[in-house]
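Tertiary structure, described
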Amino acid sequence: MRVLHTSDWHLGRDLEGFSRLEEQRAFVDELVAVADAEGVGLVLVAGDGLQSYNPAAAAEALFYDALNRLSAWGRRAVVAIAGNHCSPERFKAASPLARSRGLALFGYPSDEPVLDPAEGGGADRVGLVAGGLAWVEVAVPGCPAHAVILALAYPSEARLSAGCCRTA
């Protein structure tokens, strides 16, 4: 299985007040083209896909479009974690919709992936087959073995103090 590891896209970041969304769209296009050309089966987005906790709608739309395109509409696994610039709540909110595309989104270090074994995989679809506290097992089409990913989202001091990372 080929794995593409990426991070720190910072979509929505501007430069001295000038929008960089066009070059960020070009980056996404190139990243998707590389994943397609290289036969990548799993994409890991290790934080900071977005520039801020409250991104502009266009930046957030680009981020989720990028994840959707990288997933090849459910035929390639994608695991993404929130970084120190991202809102963990936004990741959690999108998780139920994301699972149908083979996306596992982790916002907090204590997150568990949203799983639905009834939807899970097939010969040409990614399946999120198991998971727990900050980990997920993914079935990737064309790969005889499953991938198990430990996905520790950014554990900020505030999140640790709030107890989000403790188990009962």
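This is a predicted model, so every value here is computed, not measured.

Reading guide: rules and limits
- Residues numbered from 1 in each chain as written.
- Predicted model: local features only at pLDDT ≥ 70, side-chain atom pairs only at ≥ 80, totals over all residues.
- Heavy atoms only, no water.
- Pairing = 2+ DSSP bridges.
- Helix = DSSP H or I, 4+ residues; strand = E, 2+ residues; numbered from the N terminus.
- Axes fitted to C-alpha atoms, helices over the stretch in contact; angles between N-to-C directions.
- 1 Å grid on protein atoms, 1.4 Å probe; cavity = no way out; pocket = protein on both sides within 12 Å on 5 of 7 lines; lining within 4 Å.
- Points joined across faces, edges and corners; volume = space filled by probe spheres on them.
- Nonpolar A, V, L, I, M, F, W, Y, C, P; charged D, E, K, R; others polar.
- Expected span 1.5 Å × (residues − 1).
- Buried < 20%, exposed > 50% of the residue type's maximum accessible area, 1.4 Å probe, protein only.
- Arc of directions from axis to C-beta.
- Contact = heavy atoms within 4.5 Å.

The next point concerns the sheet that holds strand 5 (residues 127-132). Pairing within the open sheet is antiparallel, and its three strands lie in the order 5-6-7. Every other strand in the sheet has two partners, leaving strand 5 and strand 7 (147-150) as the edge strands with one partner each. Averaged over all pairs of adjacent strands, the angle between strand axes in this sheet comes to 20°, irrespective of strand direction. Note that strand 6 (residues 135-139) and strand 7 share four bridges and pair antiparallel. Bridging from a neighbouring strand, Val 138 pairs with Ala 147 of strand 7.

What follows deals with unusual backbone geometry. One non-glycine residue, Asp 8, adopts positive backbone phi at about 55°. Inspection of the secondary structure puts Asp 8 in the loop between strand 1 (3-6) and helix 1 (21-37). Although it is not a glycine, His 10 adopts a positive phi angle of roughly 50°. Here His 10 is to be found in the loop between strand 1 and helix 1.

The next point concerns empty space enclosed by the protein. Following the criterion strictly, the structure yields one cavity of 30 Å³ or more and no others. In this structure, the largest cavity occupies an estimated 40 Å³ of space. If you trace the largest cavity, you find it lined by Ser 95, Ala 98, Leu 103, Ala 104, Leu 105, Pro 113, Val 114 and Leu 128. Elements supplying a minimum of two residues to the lining of the largest cavity: helix 3 (88-98) and strand 4 (103-106). It is strand 4 that contributes the most residues to the lining of the largest cavity, three residues altogether. Looking at the lining of the largest cavity residue by residue, the class counts come to seven nonpolar, one polar and no charged.

In this section: helix 1. Helical geometry: 3.6 residues make up each α-helical turn, so side chains three or four residues apart lie on a common side. For helix 1, which comprises 17 residues, the first-to-last C-alpha distance of 24 Å matches the rise-based estimate of 24 Å (1.5 Å per residue) to within 8%. Among the residues of helix 1, those classed as buried are Leu 21, Gln 24, Val 28, Leu 31, Val 32 and Ala 35. Down the axis of helix 1, the buried set is contained in an arc of 95°. They therefore lie on one face. The outward face of helix 1, more than 90 degrees from its buried face, is lined by the exposed residues Glu 22, Glu 30 and Ala 37. Turning to helix 1, the residues buried within the fold contact strand 1 and helix 2 (57-70). Looking one or two residues past helix 1, Gly 39 carries a phi angle of roughly 65°, positive in sign.

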